[in-house]
Amino acid sequence: MGTAYLYALGLILLMGLGTLATTLRQAGPYGRHMTEAQRGTMPALPAWLLFESPQWFAFALTFWLLAPPAAGPAAPMLFIFCLWQAHYTYRGLIYPLRMRDRHRRFPLIAVVMGFSFNLLNGFANAYDVGHAGHLMSADWFADPRFLAGLVVAVIGWLVNFQADSILIKLRADGFTGYRVPRGGAFRYVSAANYFGEIVFWAGFALMCWTWAGLVFLLFTMANLMPRAVAHHRWYRREFPDYPKSRRAVIPGLL
Ligand code: NDP
């Protein structure tokens, strides 16, 4: 199982590089970046449910059945298991159900890519959490890396949740187009949801202190930062009065 874990980490890194190379040229073809010519699509709601599902089932199967912790699941491992499952219950189930526009479509190719990546990522993170020596003792709860990571992760999650909510409210009246989002971290960046997401996974990587946590953070940055820049350029093109001081994804920097 250890060899499969190493292959999974290597593949995730390669997928991150491939994603970076392609999204720097062309943002992933879903949402506002999907053209009329896009072939092979499915309704967005089941698409989200489907491609996010491996994050919880691959993580759970690996952690409890395929490669469980040798000495049983220690408290820090259980804490991280619950945090992961809670996040993906939100992202893979509650978030898609909160989305208002039920007519939106999602490209099949993105579903296949997302499903494959999430399968590898759920497996690699669960394996690492179940085998990390430092997570075997409750002393880890008092470690500065855990405490700082937890604070950063909670802040990131709240920023992401607030941004998701602001975007959802923009279509609360049945409108299906795009409006300029305002409030929360949108005061500083065009992609406040991606900013929160990146901060959340940075906190998660710090509190787990595992290779898979770090590699997932790098993948998330490679995936979301070029897409945030594409969103930012799109807003500036479509809305002539778009706030000039707003950056793409990192307040004050990018
Ligand atoms: P987007 O910002 O592209 O879109 C989010 C939702 O809001 C979509 O339903 C979109 O509609 C709608 N929306 C966006 N901007 C506007 C606007 N200006 N006016 C009205 N509606 C708007 O985010 P994603 O769909 O890429 O991501 C959704 C969530 O998933 C985010 O929280 C993100 O952080 C997370 N995510 C995490 C990833 C990771 O690697 N960990 C990867 C991808 C996403 P439409 O679809 O029609 O554009």
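What counts, and at which threshold
- Residues numbered from 1 in each chain as written.
- Predicted model: local features only at pLDDT ≥ 70, side-chain atom pairs only at ≥ 80, totals over all residues.
- Heavy atoms only, no water.
- UniProt positions renumbered as here; feature names shortened; annotations may be inferred.
- Near = heavy atom within 4 Å.
- Polar contact = N/O pair within 3.5 Å; in protein donor to acceptor, adjacent residues only side chain to side chain.
- Areas by Shrake-Rupley, 256 points an atom, 1.4 Å probe, with all protein chains shown as cover.
- Salt bridge = Lys/Arg side-chain N within 4 Å of Asp/Glu carboxyl O.
- Helix = DSSP H or I, 4+ residues; strand = E, 2+ residues; numbered from the N terminus.
- Buried < 20%, exposed > 50% of the residue type's maximum accessible area, 1.4 Å probe, protein only.

The protein goes by 3-oxo-5-alpha-steroid 4-dehydrogenase in an unreviewed UniProt entry, where it is assigned to Zavarzinia compransoris. Note on the protein: under the UniProt heading Subcellular location (unreviewed entry), the record states "Membrane".

## Regarding the site of the ligand
Taken together, 27 residues lie near the ligand, and Tyr 30, Arg 32, Tyr 178, Arg 179 and Tyr 194 sit nearest. Between the ligand and the protein, one listed contact pairs an oxygen atom with a side-chain N or O atom of Arg 104 at 2.8 Å. One of the side-chain N or O atoms of Glu 197 is found 2.8 Å from an oxygen atom in the ligand. Coverage of the ligand by the protein chains reaches 92% of its 890 Å² of free accessible surface.

## Observations concerning the pattern of salt bridges
Scanning the entire structure with this criterion turns up 4 salt bridges. A salt bridge links Arg 91 to Asp 164; its shortest N-O distance comes to 3.3 Å. Of this pair, Arg 91 sits in helix H3 (residues 75-98) while Asp 164 sits in helix H5 (residues 144-169), and the two are 73 residues apart along the sequence. Residue Arg 91 is classed as buried on the basis of its relative accessible area of 7%. Where Arg 145 meets Asp 143, a salt bridge forms, and the shortest distance between an N and an O atom there is 2.9 Å. You can call Asp 143 buried: its relative accessible area is 16%. Overlapping salt bridges, with partners in common, bring together Arg 91, Asp 164 and Glu 197 in one network.

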